[in-house]
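Spelled out, the chains give:
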Amino acid sequence: MSDQSAVVKAAPKGIYVAGEWRDASGGGSFAVEDPGTGKPLCEVADGQADDARSALDAAVDAQADWAATPPRERAEILRRAWQLMTDRADDLALLMTLEMGKSRAESKSEVTYAAEFFRWFSEEAVRIEGRYAQNPAGGSRLLTMKQPVGPCLLITPWNFPLAMGTRKIGPAIAAGCTMIVKPAQLTPLSMLQLTDVLAEAGLPPGVLNVVPSSSAAKTVGPLMSDPRLRKVSFTGSTPVGKSLMEQASKNLLRVSMELGGNAPFLVFGDADIDAAVEGAVVAKMRNNGESCVAANRFHVAGEVAVEFTARLAERLGAMKVGHGAEEGTQVGPLIDADQRDKVGELVDDAVGKGARVVTGGSAVEGDGYFFTPTVLSNVPREARILTEEVFGPVAPVTAFGSEEEALALANNTEFGLVAYVFTQDLRRALRVAEGLQTGMVGLNTGLVSNAAAPFGGVKASGFGREGGTEGIEEYLSTKYVAVSLS
Ligand code: SIN
């Protein structure tokens, strides 16, 4: 048996409730596909409303004991899970590559990134603190304590099948919350494998329950209307986030939303062009461009635009496209035919409106959902690619004249997740960083993602922060006790 079929065979395929694997009620399943071949890999249990309800029952039953479990014990489970993920990184990465498409090197770095959330939150679990203060008016005391918010629903996307899970599961475990995870239909296997890792690390039954399903409406819907659920955390598109917000309002759930992006990448005339090109390759090509923090549009100062575009095209044009599991692959397939076709449409729209293809520009014929790394120059302002999230390996470049114009272009979007800025002028760097309407800024770097940093956006990119010292706050509520001393 090849390594590939062995990791797929070894991955759990069921629904995980109260510490046990089971079939879906009704016994149905759905297929998981390899986007590098377009062929099915295996079948996974297709969770239904009853399964989601059982998962919530288990989470509710486990909540009080879990909240009372000493923080050090919760921390050590996370630390063991970090170690297990690190020890098994190769197999976890291969499984991820097979279901999601990205190269093994990319998957390996996601496994490291994902595991890091467990290590980080193992260190945060023992630092949940309150306050003790004197009433300014004298006499009484003001005591505050932090308590877990209660059972959470965590809905994760297909583009980072492990890391988007661990950065919700890690703080939930650390804070003492129980949870139900609904992994993405397209990539459930990594999350199901992670579930086994957490069980092996000692997570008690009922704390984590996982319900894969081909229908979010069937599973998420009944949970959102159940008053026992106390929080929902979602990573995905802005329209789905808005719909979840509406559903969450009925039970006034705590909500964290990590939604779409349209990241501008600004290169000023005084930038170090080597660093800007390097940063652009990372910001654009990480995860095949299928990331909400991917640089979506490149705004480059007129005096360096030709040089920057040519050098970026040279780098992207030289990248090896292939099945993610093949040795040497740098760019894997897109997740499915729809995504590949949407990227093609955005390129065609830009070219139809006057953009020039400097490299790439089309899908790859044959099996799987490949698109060649592409650089477009002279992209007109009205091209859809400047306003819609690309989620693919395409870099549209436009030129700007002044700092004011660059900032106005960057902020001319409903989204506000991240922006990248390349300049060697410290005053400009700070001016622009302050002026950007985003939750994050990459200053002379194309990578902002870090378990120790608060990840999140503003405007239509959502709210709430994942990672950093802020990440655990999303899973805690503050209780205030007025203490009379008289
Ligand atoms: C995302 O694409 O949703 C997040 C990417 C990251 O954490 O780097």
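As the structure is a prediction and not an experimental result, all values here were calculated from the model.

Draft legend 1. Layout of the overall build of the protein. A tally of helices and strands in the protein yields 14 helices and 22 strands. Along the longest, intermediate and shortest principal axes, the C-alpha atoms of the protein span 70 × 65 × 40 Å. A total of 486 residues make up the protein; the buried ones form 58% of that total. For the protein, contacts bridging at least 24 residues in sequence account for 73% of all contacts bridging at least 6. Working note: accessible area of the protein is about 18700 Å², and carbon and sulfur atoms make up 51% of it. In the protein, 46 side chains carry a positive charge and 60 a negative one; their mean positions are 5 Å apart.

Draft legend 2. Fine view of the site of the ligand. In the vicinity of the ligand there are 13 residues, among which Tyr 113, Arg 167, Arg 286, Cys 292 and Ser 449 approach most closely. Between the ligand and the protein, one listed contact pairs an oxygen atom with a side-chain N or O atom of Asn 159 at 3.1 Å. A distance of 2.9 Å separates an oxygen atom of the ligand from a polar atom in the side chain of Arg 167. Starting from 260 Å² of accessible surface for the ligand in isolation, the protein chains cover 99%.

Draft legend 3. Geometry of the packing of aromatic side chains. With the rule as written, the count across this model stands at 9 aromatic pairs. The ring of Phe 455 carries the charged tip of Arg 167 above its face, separated from the ring centre by 4.0 Å. The ring of Tyr 475 carries Lys 231 above its face, with NZ or CZ at 4.9 Å from the centroid.

Draft legend 4. Structural view of the environment of Asn 251. Looking at where Asn 251 falls in the secondary structure, it is placed in the loop between helix 9 (238-250) and strand 11 (254-258). Separated by 186 residues in the primary sequence, Asn 251 and Gln 437 have C-alpha atoms spaced 31 Å apart. Beyond its immediate sequence surroundings of up to four residues, Asn 251 is in contact with Met 224, Ser 225, Asp 226, Pro 227 and Arg 230. Within polar-contact distance, the side chain of Asn 251 engages the backbone oxygen of Ser 225 at 3.4 Å.

Draft legend 5. Looking closely at the pattern of salt bridges. For the coordinates displayed, the defined rule picks out 24 salt bridges. Across the pair Glu 110 and Lys 102 runs a salt bridge whose closest N-O atoms are separated by 2.3 Å. Lys 146 serves as the salt-bridge partner of Glu 473, at 3.2 Å between the closest nitrogen and oxygen. Linking Glu 473 in the loop between strand 21 (462-463) and strand 22 (476-483) with Lys 146 in strand 6 (residues 141-148), this pair joins segments that are 327 residues apart in sequence.

Draft legend 6. View of the pairing of strand 5 (residues 131-134). One ladder, built from 4 bridges, connects strand 5 with strand 6; its direction is antiparallel. Paired with Gln 134 across the two strands is Arg 141, which belongs to strand 6. From the end of strand 5 to the start of strand 6, which pair antiparallel, there are 6 residues, and Gly 138 there has a positive phi angle of about 85°.

Draft legend 7. View of the sheet that holds strand 13 (residues 295-301). Spatial strand order, 14-15-16-13-12-18-19: 7 strands in an open sheet with mixed pairing. Looking at which strands have only one partner, the edges of the open sheet turn out to be strand 14 (356-359) and strand 19 (440-443). The average angle at which neighbouring strand axes cross in this sheet is 25°, direction not considered. Examined bridge by bridge, strand 18 (residues 418-422) and strand 19 share 4 bridges and lie parallel to one another. The residue bridging Tyr 420 from the neighbouring strand is Gly 442, located in strand 19. Contacting strand 14, strand 15 (374-377) and strand 16 (394-400), helix 12 (residues 337-352) crosses the sheet at an angle of about 25° to strand 15.

Draft legend 8. Geometry of the packing of helix 3 (residues 71-87) against helix 7 (residues 189-200). Packing of helix 3 against helix 7 brings their axes to within 8 Å, and their N-to-C directions diverge by 130°. With respect to each other, helix 3 and helix 7 are oriented oblique. For the element pair helix 3 and helix 7, the recorded crossing hand is right-handed. In this structure, helix 3 contributes Ala 81, Leu 84 and Met 85 to the contact, and helix 7 contributes Leu 194, Val 197, Leu 198 and Glu 200. Broken down by class, the residue content of the contact of helix 3 with helix 7 amounts to 6 nonpolar, no polar and 1 charged.

Draft legend 9. Molecular detail of the nonpolar core. Formed by 113 residues in total, the largest nonpolar core has its most connected members in Ile 169, Met 179, Phe 265, Phe 298, Phe 308 and Tyr 420. Mapped onto the domain boundaries, this core takes at least three residues apiece from domain 1 (3-259 + 461-481) and domain 2 (263-451). The residues contacting Met 179, other than those within four sequence positions of it, are Ala 59, Cys 152, Leu 154, Ile 169, Ala 172, Ile 173, Val 207, Leu 208 and Asn 209. Within the second largest apolar cluster, 25 residues are counted, among which are Ile 155, Leu 223, Phe 234 and Val 255.

Draft legend 10. View of the sheet that holds strand 5. The strand order 5-6-22 describes an open sheet built from 3 strands, whose pairing is antiparallel. Sheet topology places strand 5 and strand 22 at the edges, where each strand pairs with a single neighbour. Ignoring strand direction, the axes of neighbouring strands in this sheet form an average angle of 20°.

Draft legend 11. Representation of the pairing of strand 4 (residues 39-45) in the model. Across 6 bridges, the pairing between strand 3 (residues 29-34) and strand 4 is antiparallel. Note that in strand 4 the partner of Phe 30 across the bridge is Val 44. Between strand 3 and the antiparallel strand that follows it, strand 4, lie 4 residues; Gly 38 among them carries a positive phi value of about 75°.

The rules behind the values
Residues numbered from 1 in each chain as written. Predicted model: local features only at pLDDT ≥ 70, side-chain atom pairs only at ≥ 80, totals over all residues. Heavy atoms only, no water. Helix = DSSP H or I, 4+ residues; strand = E, 2+ residues; numbered from the N terminus. Buried < 20%, exposed > 50% of the residue type's maximum accessible area, 1.4 Å probe, protein only. Contact = heavy atoms within 4.5 Å. Areas by Shrake-Rupley, 256 points an atom, 1.4 Å probe, with all protein chains shown as cover. Lys, Arg positive; Asp, Glu negative; His and termini not counted. Charge placed at Lys NZ, Arg CZ, Asp CG, Glu CD. Near = heavy atom within 4 Å. Polar contact = N/O pair within 3.5 Å; in protein donor to acceptor, adjacent residues only side chain to side chain. Phe/Tyr/Trp six-rings, centres within 6.5 Å; stacked < 30°, edge-to-face > 60°. Lys NZ or Arg CZ within 6 Å of the ring centre and 35° of its normal. Salt bridge = Lys/Arg side-chain N within 4 Å of Asp/Glu carboxyl O. Pairing = 2+ DSSP bridges. Axes fitted to C-alpha atoms, helices over the stretch in contact; angles between N-to-C directions. Parallel < 35°, antiparallel > 145°, perpendicular 65-115°, else oblique. Left-handed = near helix turned anticlockwise from the far one by under 90°. Nonpolar A, V, L, I, M, F, W, Y, C, P; charged D, E, K, R; others polar. Core = buried A, V, L, I, M, F, W, Y, C linked by side-chain atoms within 4.5 Å. Domains from an automatic or database assignment.

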